[in-house]
Amino acid sequence: MAELNHECGVAAVYHLPDRGVSPLAPPQGPEYTSHLMPRLLLDIQNRGQLAAGMTSFNPHRKQLIDTHRDVGTVTEVFHLNHQESYKKLMDEYSGRAAIGHVRYATCGKDDKSYAQPFERHHIEKPKWFSFGFNGQLANYPRLRDEILSETDFHLARETDTEVLMHLICQQLSGDRRPEMIEMLTTLSLLLDGAYNIVYLNALGDMFVARDPLGIRPLCYAKEGPLFAAASESVALANLGFRESSIKSLHPGEAVIIRNGEFSIQQFTASPQRAHCFFEWIYFANVASTLDDQSVYLTRKRLGEELARVEDVPIDDDTIVVPVPDTAKAAADSLAYQLQIPSLEGLIRNRYVGRTFIEGANRAEKAKTKYTPLPEVLRGKRVLLVEDTIVRSTTMKVLVKQLKKRGGAKEVHVRVACPPIIAPCFYGIDMSRISELFAPQFLQGEPLTPEIEAEMASTLGADSLKYLPVDAIARCVGVPEDSLCQACIDGNYPTPAGKQLYQISLDKLELGEEEQQERTYDAPLPATARF
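Figured I'd write up the structure that's included with this text. Remember, it's a predicted structure, so these values are computed and weren't measured experimentally. (Residues numbered from 1 in each chain as written. Predicted model: local features only at pLDDT ≥ 70, side-chain atom pairs only at ≥ 80, totals over all residues. Heavy atoms only, no water.)

## Let's talk about the packing of aromatic side chains
- Summed over all chains, the structure comprises 12 aromatic pairs.
- With a centroid separation of 4.9 Å and an interplanar angle of 65°, the aromatic rings of Tyr 282 and Phe 283 are classed as edge-to-face. In this pair, the class of Tyr 282 matches that of Phe 283, namely buried.
- With centroids separated by 5.5 Å and ring planes inclined at 35°, the aromatic side chains of Phe 425 and Tyr 492 adopt a geometry described as tilted. One end of the pair, Phe 425, is in the loop between β21 (410-415) and α14 (439-442); the other, Tyr 492, is in the loop between α17 (486-489) and α18 (495-510), with 67 residues separating them in the sequence.
- Under the relative-accessibility criterion, Phe 425 is labelled buried at 1%.
- On the basis of relative accessibility, which here comes to 4%, the residue Tyr 492 falls in the buried class.
- An aromatic cluster is present here, built from Phe 118, Phe 129, Phe 131, Tyr 199 and Phe 207 joined pairwise through their rings.
- When the ring centre of Phe 262 is taken as origin, the NZ or CZ atom of Lys 222, which lies over that ring, is 5.4 Å away. (Phe/Tyr/Trp six-rings, centres within 6.5 Å; stacked < 30°, edge-to-face > 60°. Buried < 20%, exposed > 50% of the residue type's maximum accessible area, 1.4 Å probe, protein only. Helix = DSSP H or I, 4+ residues; strand = E, 2+ residues; numbered from the N terminus. Lys NZ or Arg CZ within 6 Å of the ring centre and 35° of its normal.)

Below is the structure:
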């Protein structure tokens with residue numbers, strides 16, 4: 001869905017010392033292991049195209065840890081299209097360990113200072129560190145206000161990443177030298193929301209941690225001396241790790257590398273899981289496996305569920321058309337079940353990228369990104385398959401274009417997701433109920449065929465069908481009580497999320513809903529005051 005964007009991706013790589021040389025290491029040797037980072041980041045580029053960066057560790061240079069980051073895609077930031085420039089850059093940042101990040105902004109500005117990793121210089125090696133953060137803190141304003149209540153403290157950016165940096169610095173202040181697992185345990189008492197963290201300091205110590213709910217995915221692999229982690233498994237597989245070596249880090253766990261020794265430790269209890277279902281149906285690369293569940297097979301099952309509820313007459317003029325690219329697996333599966341063709345009636349311009357030439361108008365952007373093919377669509381009854389409808393702007397344009405430019409006889413919209421009824425406070429850029437398509441029709445009531453017909457009319461479609469909520473857990477293969485489905489059922493897995501949703505509902509009822517500032521009134525633990 002072109003209207004929806006993600007909240008970032010993280011990666012890490014480390015060639016452990018005194019264990020020989022990994023066959024997956026760069027040909028120059030273990031001290032050039034950081035050269036693997038752009039490859040890892042390219043495979044999670046789908047999670048953020050605004051900025052990218054990496055921090056590497058090299059004990060043989062003055063800058064023990066050093067960070068390169070900028071606005072742009074991975075290709076742009078690391079000069080991948082310019083061999084000499086790329087080689088010079090990577091040689092400058094060579095090291096046996098590195099962390100990396102790709103960014104999409106859910107808060108904060110579109111400039112280099114917001115790009116990650118964030119590095120904090122210090123004369124003491126344990127206090128000189130860099131980190132990357134994937135997720136969103138639902139209690140960010142509360143944490144921010146607690147920090148700024150101290151007159152000597154100042155925050156320069158409007159982002160939860162800087163708040164997180166402050167929290168880490170607080171633990172390292174004075175003569176304290178907490179173990180990394182202790183730092184993470186303390187953070188878990190403070191943070192509400194989704195947070196995966198990759199961390200590297202000037203001693204060469206690293207941790208890779210996943211929040212206790214496991215809202216966002218985080219995978220790792222270790223073969224011999226080489227360790228790597230990434231937001232998605234496909235990045236590790238493409239690096240050369242065996243499938244059997246690639247695992248999901250359990251919620252509340254961290255990979256710790258200290259003094260060159262590798263371990264996996266639990267930093268906080270994880271009695272509840274809340275994996276974001278959107279990872280499987282939309283965000284993740286279709287080649288990834290997250291928490292032991294295949295993204296591709298999930299999307300295939302979504303198509304099978306759509307086929308079970310299909311009631312449009314099927315004849316020789318009926319075809320299935322996916323909205324490129326993430327809806328393709330579901331569309332192909334639907335077509336297979338109905339025994340009709342799945343054809344590319346819409347072509348996406350993959351070279352448009354992040355562009356501002358068309359301004360901020362979503363409808364114009366949709367026209368730029370998608371081209372209907374009359375030779376496929378003319379005179380056809382089209383089942384148009386989309387992974388989700390958020391604001392509906394893109395879908396309205398597509399339906400109109402399929403009929404007007406493509407010559408489709410009928411367009412029946414099929415959505416491989418239930419209606420989006422609530423905002424996300426854990427890292428997806430939909431923060432207001434009023435900007436969502438479905439709530440204005442549902443008005444808090446269950447979805448009915450009559451409501452779907454009204455929605456279809458608004459879209460300009462001949463009919464519309466959504467998946468039922470209970471289909472999601474079946475398709476993902478994860479129990480419903482282990483999924484975060486807040487955006488489709490209103491049940492948020494954290495206290496801050498629940499409170500923010502109630503604030504949104506209250507503002508909507510009063511007609512005062514504006515861009516939601518995430519407020520949180522619940523006090524922090526007394527032991528965690530600043």
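## Digging into the pattern of salt bridges
- Per the stated rule, a full pass over the model turns up 27 salt bridges.
- The closest approach of N and O atoms between Glu 261 and Arg 19, which form a salt bridge, is 3.4 Å. Separated by 242 residues along the polypeptide, Glu 261 in strand β13 (residues 261-266) and Arg 19 in the loop between β1 (9-15) and α1 (37-42) bring together distant segments of the chain.
- The shortest N-O distance in the salt bridge between Glu 410 and Arg 381 comes to 2.9 Å. One end of the pair, Glu 410, is in strand β21; the other, Arg 381, is in strand β20 (residues 381-386), with 29 residues separating them in the sequence.
- Through salt bridges that share partners, Arg 47, Arg 216, Glu 232 and Glu 279 make up one connected network. (Salt bridge = Lys/Arg side-chain N within 4 Å of Asp/Glu carboxyl O.)

## Describing unusual backbone geometry
- Note the cis peptide between Gln 116 and Pro 117, where omega equals 5°.
- Among the secondary structure elements, Pro 117 is positioned in the loop between β4 (97-103) and β5 (118-120).
- The residue His 79 is not glycine, and still its phi comes out positive at about 55°.
- By secondary structure assignment, the location of His 79 is in the loop between α2 (74-77) and α3 (83-92).
- For Gln 443, which is not glycine, the phi torsion reads 50° and is therefore positive.
- Within the element layout of this structure, Gln 443 appears in the loop between α14 and α15 (449-459).

## Digging into the sheet that holds β4
- Spatially, the 7 strands line up as an open sheet ordered β3-β2-β4-β1-β10-β9-β11, and their pairing is antiparallel. One side of each edge strand has no neighbouring strand; the edge strands of this open sheet are β3 (65-71) and β11 (246-248). On average, each strand axis in the sheet is tilted by 15° relative to the strand beside it, whichever way the strands run.
- Here strand β2 (residues 51-57) pairs with β4 via 7 bridges, running antiparallel. (Pairing = 2+ DSSP bridges. Axes fitted to C-alpha atoms, helices over the stretch in contact; angles between N-to-C directions.)

## Here we look at the packing of helix α4 (residues 140-148) against helix α5 (residues 160-172)
- One can describe the packing of α4 onto α5 by two numbers: an axis separation of 10 Å at closest approach and a directional angle of 50°. Taken together, the axes of α4 and α5 are oblique relative to one another. Both α4 and α5 take part in a crossing whose hand is left-handed. Within the contact between the two elements, α4 uses Tyr 140, Leu 143, Arg 144 and Ile 147 and α5 uses Asp 160, Val 163, His 166 and Leu 167. (Parallel < 35°, antiparallel > 145°, perpendicular 65-115°, else oblique. Left-handed = near helix turned anticlockwise from the far one by under 90°. Contact = heavy atoms within 4.5 Å.)

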